[in-house]
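Remarks on the overall topology
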Amino acid sequence: MTTDSNIGRLLSNRYQLVEMVGKGAMGRVYRAEDTLLGGVLAVKFLAQTLLNTRMRDRFKAEARTCAQLGQKSIHIVRVIDFGVNEEDVPFYVMEYLQGQSLSEIINAQPIPLPRFLSLSRQICLGLQCAHQGVVIDGKNCPIIHRDIKPSNILVSRDALVGELVKILDFGIAKLIQEDAGQTNSFMGTLAYSSPEQMEGRELDARSDIYSLGVMMFEMLTGKMPLQAETHAFGSWYKVHHFQPPRSFE
(Lines give C-alpha, C1' and ligand atoms only; values in the text may rest on other atoms or scores of the structure.)
Protein backbone atom coordinates (compact mmCIF):
# COMPACT_ATOMS: atom_id res chain seq x y z
CA MET A 1 0.00 0.00 0.00
CA THR A 2 1.47 3.36 -1.07
CA THR A 3 1.20 6.37 1.20
CA ASP A 4 0.51 9.88 -0.02
CA SER A 5 3.37 12.16 1.03
CA ASN A 6 1.07 15.18 0.78
CA ILE A 7 -1.12 14.06 3.69
CA GLY A 8 -0.32 16.20 6.72
CA ARG A 9 1.67 18.73 4.68
CA LEU A 10 1.23 22.41 5.54
CA LEU A 11 0.97 24.78 2.59
CA SER A 12 1.74 28.49 2.86
CA ASN A 13 1.98 28.04 6.65
CA ARG A 14 -1.80 27.79 6.64
CA TYR A 15 -3.50 24.93 4.76
CA GLN A 16 -2.97 21.45 6.21
CA LEU A 17 -3.79 18.62 3.82
CA VAL A 18 -6.01 15.94 5.39
CA GLU A 19 -7.03 13.50 2.63
CA MET A 20 -7.25 13.20 -1.14
CA VAL A 21 -10.86 13.51 -2.30
CA GLY A 22 -10.46 13.56 -6.07
CA LYS A 23 -8.07 12.75 -8.89
CA GLY A 24 -8.23 13.50 -12.60
CA ALA A 25 -6.16 14.24 -15.67
CA MET A 26 -5.51 17.82 -14.59
CA GLY A 27 -4.45 17.01 -11.02
CA ARG A 28 -5.44 16.02 -7.49
CA VAL A 29 -7.85 17.59 -5.01
CA TYR A 30 -7.38 17.38 -1.23
CA ARG A 31 -9.55 18.24 1.73
CA ALA A 32 -7.62 20.65 3.93
CA GLU A 33 -7.95 22.54 7.20
CA ASP A 34 -7.35 26.27 7.42
CA THR A 35 -5.08 26.48 10.48
CA LEU A 36 -5.19 30.29 10.48
CA LEU A 37 -8.89 31.10 10.31
CA GLY A 38 -10.38 27.63 10.81
CA GLY A 39 -12.74 25.74 8.54
CA VAL A 40 -12.48 23.10 5.83
CA LEU A 41 -11.28 23.92 2.32
CA ALA A 42 -10.26 22.07 -0.84
CA VAL A 43 -6.82 22.32 -2.46
CA LYS A 44 -6.24 21.44 -6.12
CA PHE A 45 -2.73 20.65 -7.42
CA LEU A 46 -1.68 20.62 -11.06
CA ALA A 47 -0.67 17.10 -12.12
CA GLN A 48 3.08 16.35 -12.13
CA THR A 49 2.83 15.25 -15.76
CA LEU A 50 1.57 18.72 -16.77
CA LEU A 51 4.30 20.83 -15.21
CA ASN A 52 5.13 22.83 -18.33
CA THR A 53 4.81 26.56 -18.92
CA ARG A 54 1.65 26.31 -21.02
CA MET A 55 -0.24 24.18 -18.48
CA ARG A 56 0.99 26.29 -15.56
CA ASP A 57 -0.43 29.35 -17.28
CA ARG A 58 -3.72 27.55 -17.97
CA PHE A 59 -3.94 26.35 -14.36
CA LYS A 60 -3.33 29.86 -13.03
CA ALA A 61 -5.92 31.23 -15.46
CA GLU A 62 -8.42 28.65 -14.15
CA ALA A 63 -7.82 29.82 -10.58
CA ARG A 64 -8.10 33.47 -11.57
CA THR A 65 -11.27 32.84 -13.56
CA CYS A 66 -12.99 30.90 -10.78
CA ALA A 67 -11.94 33.49 -8.17
CA GLN A 68 -13.69 36.23 -10.12
CA LEU A 69 -16.70 34.17 -11.17
CA GLY A 70 -17.18 32.79 -7.65
CA GLN A 71 -17.47 36.35 -6.34
CA LYS A 72 -20.18 37.12 -8.90
CA SER A 73 -22.27 33.95 -8.66
CA ILE A 74 -23.08 31.46 -5.89
CA HIS A 75 -23.50 28.86 -8.65
CA ILE A 76 -19.79 28.66 -9.49
CA VAL A 77 -17.18 27.08 -7.20
CA ARG A 78 -15.31 29.83 -5.34
CA VAL A 79 -11.48 30.03 -5.38
CA ILE A 80 -9.87 31.98 -2.53
CA ASP A 81 -6.08 31.54 -2.83
CA PHE A 82 -3.27 30.49 -5.17
CA GLY A 83 0.30 29.38 -4.50
CA VAL A 84 3.24 27.11 -5.32
CA ASN A 85 4.58 24.39 -3.00
CA GLU A 86 8.20 23.48 -2.19
CA GLU A 87 8.46 21.29 -5.31
CA ASP A 88 7.35 24.21 -7.49
CA VAL A 89 3.93 22.61 -8.11
CA PRO A 90 1.15 25.21 -8.37
CA PHE A 91 -2.06 24.83 -6.37
CA TYR A 92 -5.18 26.81 -5.62
CA VAL A 93 -7.50 26.79 -2.63
CA MET A 94 -11.28 26.72 -3.03
CA GLU A 95 -14.41 26.18 -1.01
CA TYR A 96 -14.96 22.57 0.07
CA LEU A 97 -18.22 21.25 -1.33
CA GLN A 98 -20.15 18.21 -0.16
CA GLY A 99 -23.02 16.79 -2.12
CA GLN A 100 -23.89 14.71 -5.17
CA SER A 101 -22.84 15.22 -8.74
CA LEU A 102 -25.69 15.66 -11.18
CA SER A 103 -24.62 12.40 -12.86
CA GLU A 104 -25.22 10.53 -9.58
CA ILE A 105 -28.66 12.13 -9.27
CA ILE A 106 -29.61 11.25 -12.86
CA ASN A 107 -28.48 7.64 -12.42
CA ALA A 108 -30.39 7.20 -9.14
CA GLN A 109 -33.92 8.06 -10.29
CA PRO A 110 -35.93 10.21 -12.70
CA ILE A 111 -35.85 13.90 -11.79
CA PRO A 112 -39.36 15.32 -11.15
CA LEU A 113 -40.23 18.38 -13.23
CA PRO A 114 -40.19 20.93 -10.34
CA ARG A 115 -36.72 19.75 -9.27
CA PHE A 116 -35.55 19.76 -12.89
CA LEU A 117 -36.66 23.37 -13.27
CA SER A 118 -34.93 24.44 -10.05
CA LEU A 119 -31.64 22.71 -10.91
CA SER A 120 -31.68 23.92 -14.52
CA ARG A 121 -32.39 27.52 -13.51
CA GLN A 122 -29.37 27.56 -11.19
CA ILE A 123 -27.11 26.03 -13.85
CA CYS A 124 -28.30 28.68 -16.31
CA LEU A 125 -27.60 31.48 -13.82
CA GLY A 126 -24.04 30.20 -13.32
CA LEU A 127 -23.45 29.90 -17.07
CA GLN A 128 -24.94 33.34 -17.67
CA CYS A 129 -22.44 34.79 -15.20
CA ALA A 130 -19.53 33.11 -16.98
CA HIS A 131 -20.75 34.19 -20.42
CA GLN A 132 -21.06 37.81 -19.21
CA GLY A 133 -17.35 37.60 -18.48
CA VAL A 134 -14.61 38.65 -16.08
CA VAL A 135 -12.19 41.56 -16.24
CA ILE A 136 -8.69 40.55 -17.38
CA ASP A 137 -6.09 43.31 -17.75
CA GLY A 138 -8.79 45.96 -17.77
CA LYS A 139 -10.87 44.27 -20.48
CA ASN A 140 -14.08 42.26 -20.04
CA CYS A 141 -13.64 38.71 -21.35
CA PRO A 142 -16.57 36.28 -21.65
CA ILE A 143 -15.84 32.76 -20.37
CA ILE A 144 -16.91 29.64 -22.27
CA HIS A 145 -16.84 26.54 -20.04
CA ARG A 146 -16.46 24.00 -22.91
CA ASP A 147 -17.19 20.93 -20.76
CA ILE A 148 -20.74 21.23 -19.42
CA LYS A 149 -21.87 17.74 -18.39
CA PRO A 150 -23.54 16.15 -15.33
CA SER A 151 -20.28 15.18 -13.59
CA ASN A 152 -19.23 18.86 -13.61
CA ILE A 153 -22.38 19.96 -11.77
CA LEU A 154 -22.47 19.52 -7.98
CA VAL A 155 -25.71 19.67 -5.96
CA SER A 156 -25.38 20.34 -2.23
CA ARG A 157 -27.72 21.26 0.62
CA ASP A 158 -27.96 24.85 1.76
CA ALA A 159 -29.82 26.05 4.85
CA LEU A 160 -31.28 29.05 3.03
CA VAL A 161 -32.00 27.92 -0.54
CA GLY A 162 -32.37 24.15 -0.13
CA GLU A 163 -30.60 22.51 -3.06
CA LEU A 164 -27.68 24.64 -4.22
CA VAL A 165 -26.09 24.00 -7.61
CA LYS A 166 -22.41 24.71 -8.34
CA ILE A 167 -20.66 24.50 -11.72
CA LEU A 168 -17.23 22.86 -11.35
CA ASP A 169 -14.06 22.44 -13.40
CA PHE A 170 -13.27 25.48 -15.49
CA GLY A 171 -9.98 23.76 -16.29
CA ILE A 172 -10.49 23.91 -20.07
CA ALA A 173 -12.54 27.11 -20.10
CA LYS A 174 -11.82 29.53 -22.92
CA LEU A 175 -11.29 33.25 -22.39
CA ILE A 176 -12.85 34.99 -25.37
CA GLN A 177 -10.17 37.58 -26.06
CA GLU A 178 -7.76 38.50 -28.81
CA ASP A 179 -4.98 35.93 -28.87
CA ALA A 180 -3.49 35.31 -32.28
CA GLY A 181 -1.14 32.67 -30.90
CA GLN A 182 -3.85 30.36 -29.54
CA THR A 183 -4.71 27.25 -31.51
CA ASN A 184 -8.16 25.67 -31.37
CA SER A 185 -7.66 22.00 -30.60
CA PHE A 186 -10.58 19.88 -29.41
CA MET A 187 -11.07 19.74 -25.65
CA GLY A 188 -14.25 18.53 -24.02
CA THR A 189 -16.46 15.46 -23.63
CA LEU A 190 -17.60 13.88 -26.90
CA ALA A 191 -21.20 13.06 -25.94
CA TYR A 192 -21.95 16.68 -24.93
CA SER A 193 -19.83 18.66 -27.40
CA SER A 194 -21.30 21.04 -29.94
CA PRO A 195 -20.60 20.45 -33.66
CA GLU A 196 -18.45 23.58 -33.86
CA GLN A 197 -16.45 22.47 -30.83
CA MET A 198 -15.65 19.16 -32.50
CA GLU A 199 -14.50 21.05 -35.59
CA GLY A 200 -12.04 23.06 -33.49
CA ARG A 201 -13.73 26.32 -34.49
CA GLU A 202 -13.86 29.52 -32.46
CA LEU A 203 -16.56 29.14 -29.77
CA ASP A 204 -19.03 31.45 -28.12
CA ALA A 205 -21.77 31.00 -25.52
CA ARG A 206 -23.93 28.96 -27.92
CA SER A 207 -21.55 26.01 -27.62
CA ASP A 208 -22.17 25.77 -23.86
CA ILE A 209 -25.92 26.12 -24.50
CA TYR A 210 -25.79 23.14 -26.88
CA SER A 211 -24.07 21.05 -24.18
CA LEU A 212 -26.63 22.29 -21.66
CA GLY A 213 -29.46 21.15 -23.93
CA VAL A 214 -27.98 17.65 -24.21
CA MET A 215 -27.66 17.52 -20.42
CA MET A 216 -31.20 18.81 -19.80
CA PHE A 217 -32.62 16.10 -22.07
CA GLU A 218 -30.68 13.53 -20.02
CA MET A 219 -31.97 15.07 -16.76
CA LEU A 220 -35.59 14.71 -17.91
CA THR A 221 -35.40 11.25 -19.49
CA GLY A 222 -32.37 9.49 -18.02
CA LYS A 223 -31.20 8.90 -21.61
CA MET A 224 -29.02 10.75 -24.09
CA PRO A 225 -30.69 12.54 -27.02
CA LEU A 226 -27.90 11.31 -29.31
CA GLN A 227 -26.14 7.95 -29.32
CA ALA A 228 -22.98 6.99 -31.18
CA GLU A 229 -22.17 3.46 -32.33
CA THR A 230 -18.68 3.69 -30.82
CA HIS A 231 -16.95 6.15 -28.52
CA ALA A 232 -14.51 7.16 -31.23
CA PHE A 233 -14.19 10.84 -32.17
CA GLY A 234 -15.32 10.20 -35.75
CA SER A 235 -18.45 8.38 -34.61
CA TRP A 236 -19.51 11.21 -32.28
CA TYR A 237 -18.63 13.77 -34.97
CA LYS A 238 -21.16 12.21 -37.35
CA VAL A 239 -23.79 11.95 -34.62
CA HIS A 240 -23.58 15.62 -33.60
CA HIS A 241 -23.61 16.79 -37.21
CA PHE A 242 -26.15 14.50 -38.87
CA GLN A 243 -28.18 12.38 -36.42
CA PRO A 244 -31.64 13.71 -35.49
CA PRO A 245 -32.06 13.69 -31.69
CA ARG A 246 -34.51 11.21 -30.26
CA SER A 247 -37.91 12.55 -29.18
CA PHE A 248 -39.12 12.63 -25.56
CA GLU A 249 -41.67 9.94 -26.45
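Residues numbered from 1 in each chain as written. Predicted model: local features only at pLDDT ≥ 70, side-chain atom pairs only at ≥ 80, totals over all residues. Heavy atoms only, no water.

1. Focus: the pairing of strand β5 (residues 79-84)
- Relative to strand β6 (residues 90-95), β5 runs antiparallel, the two being bridged by five bridges. What sits directly across from V79, in β6, is M94.
- The turn joining β5 and β6, which pair antiparallel and follow one another in sequence, is formed by five residues; a positive phi near 65° is taken by D88. (Pairing = 2+ DSSP bridges. Helix = DSSP H or I, 4+ residues; strand = E, 2+ residues; numbered from the N terminus.)

2. A look at the confidence of the model for the protein
- Within the protein, residue pLDDT values average 88, and 92% of them lie at 70 or more.
- Below pLDDT 50 for its whole length, residues 176-183 participates in seven contacts with residues either more than four positions away or in separate chains. (pLDDT = per-residue confidence, 0-100. Contact = heavy atoms within 4.5 Å.)

3. Re the nonpolar core
- Ranked by internal contacts, the top residues of the largest apolar core, which has 50 residues, are L69, L102, I123, F170, M215, M219 and W236.
- With near-sequence residues (within four places) excluded, W236 lies in contact with L190, A191, M198, L226, Q227, A228, T230 and H231.
- Residues L11, Y15, L17 and F91 belong to the second largest nonpolar core, which totals 11 residues. (Core = buried A, V, L, I, M, F, W, Y, C linked by side-chain atoms within 4.5 Å. Buried < 20%, exposed > 50% of the residue type's maximum accessible area, 1.4 Å probe, protein only.)

4. Things to note about a nonpolar patch on the surface
- Together, L113, L117, L220 and F248 make up an exposed nonpolar region whose accessible area comes to about 400 Å².
- Note on placement: L220 falls in helix α5 (residues 205-221). (Patch = residues over 30% accessible without salt bridge, like charges linked within 9 Å, V, L, I, M, F, W, Y side chains within 5 Å. Areas by Shrake-Rupley, 256 points an atom, 1.4 Å probe, with all protein chains shown as cover. Salt bridge = Lys/Arg side-chain N within 4 Å of Asp/Glu carboxyl O.)

5. Let's talk about the state of the cysteines
- Applying the stated criterion across every chain yields a total of zero disulfides.
- Counting only cysteine sulfurs, C129 is the nearest neighbor of C124, a cysteine outside any disulfide, at a range of 13 Å.
- For C141, which is in no disulfide, the shortest distance to another cysteine sulfur is to C129 and amounts to 14 Å.
- Since its relative accessible area comes to 0%, C141 is described here as buried. (Disulfide = S-S within 2.5 Å.)

6. Focus on the sheet that holds strand β11 (residues 153-158)
- The strand order β7-β11-β12 describes an open sheet built from three strands, whose pairing is antiparallel. The open sheet terminates on both sides in strands that have one partner only, identified here as β7 (100-101) and β12 (162-167).
- Pairing analysis gives six bridges linking β11 to β12, with the strands arranged antiparallel. Note that in β12 the partner of V155 across the bridge is V165.
- Sheet strands in contact with helix α3 (residues 113-132) are β11 and β12, and its direction is about 40° off that of β12. (Axes fitted to C-alpha atoms, helices over the stretch in contact; angles between N-to-C directions.)

7. Quick look at the environment of Q98
- As for its placement among the helices and strands, Q98 is situated in the loop between β6 and β7.
- Owing to a relative accessible area of 59%, Q98 belongs among the exposed residues under this scheme.
- Separated by 58 residues in the primary sequence, Q98 and S156 have C-alpha atoms spaced 6.0 Å apart.
- Sequence-distant contacts of Q98, that is, excluding residues within four places in its chain, are made with L154 and S156.

8. Points about the sheet that holds strand β3 (residues 27-34)
- Read across the open sheet, the six strands follow the order β1-β2-β3-β4-β6-β5; overall the sheet is antiparallel. Edge positions in the sheet fall to β1 (10-11) and β5, since each has one partner strand and no second.
- Relative to strand β4 (residues 40-46), β3 runs antiparallel, the two being bridged by seven bridges. Its bridge partner being in β4, Y30 is matched across the sheet by V43.

9. Some details on the packing of aromatic side chains
- Counted by the stated rule, this structure contains five aromatic pairs.
- Ring centres of Y30 and F45 lie 5.7 Å apart, and the angle between their planes is 90°; on these two criteria the pair is classed as edge-to-face. Placement of Y30 in strand β3 and of F45 in strand β4 is noted, with a sequence separation of 15 residues between them. The same class applies to Y30 and to F45, which are both buried.
- Taken together, Y30, F45 and F91 form an aromatic cluster joined through their ring pairs. (Phe/Tyr/Trp six-rings, centres within 6.5 Å; stacked < 30°, edge-to-face > 60°.)

10. Focus: the pattern of salt bridges
- Going through the model one piece at a time under the given rule, you end up with 10 salt bridges.
- For R56, the salt bridge goes to D88, with nearest N and O atoms at 3.4 Å. Of this pair, R56 sits in helix α1 (residues 53-72) while D88 sits in the loop between β5 and β6, placing them 32 residues apart in sequence.
- Residue R201 pairs with E199 through a salt bridge whose shortest N-O separation is 2.7 Å.
- Residue classification places E199 among the partly exposed positions, given a relative accessible area of 33%.

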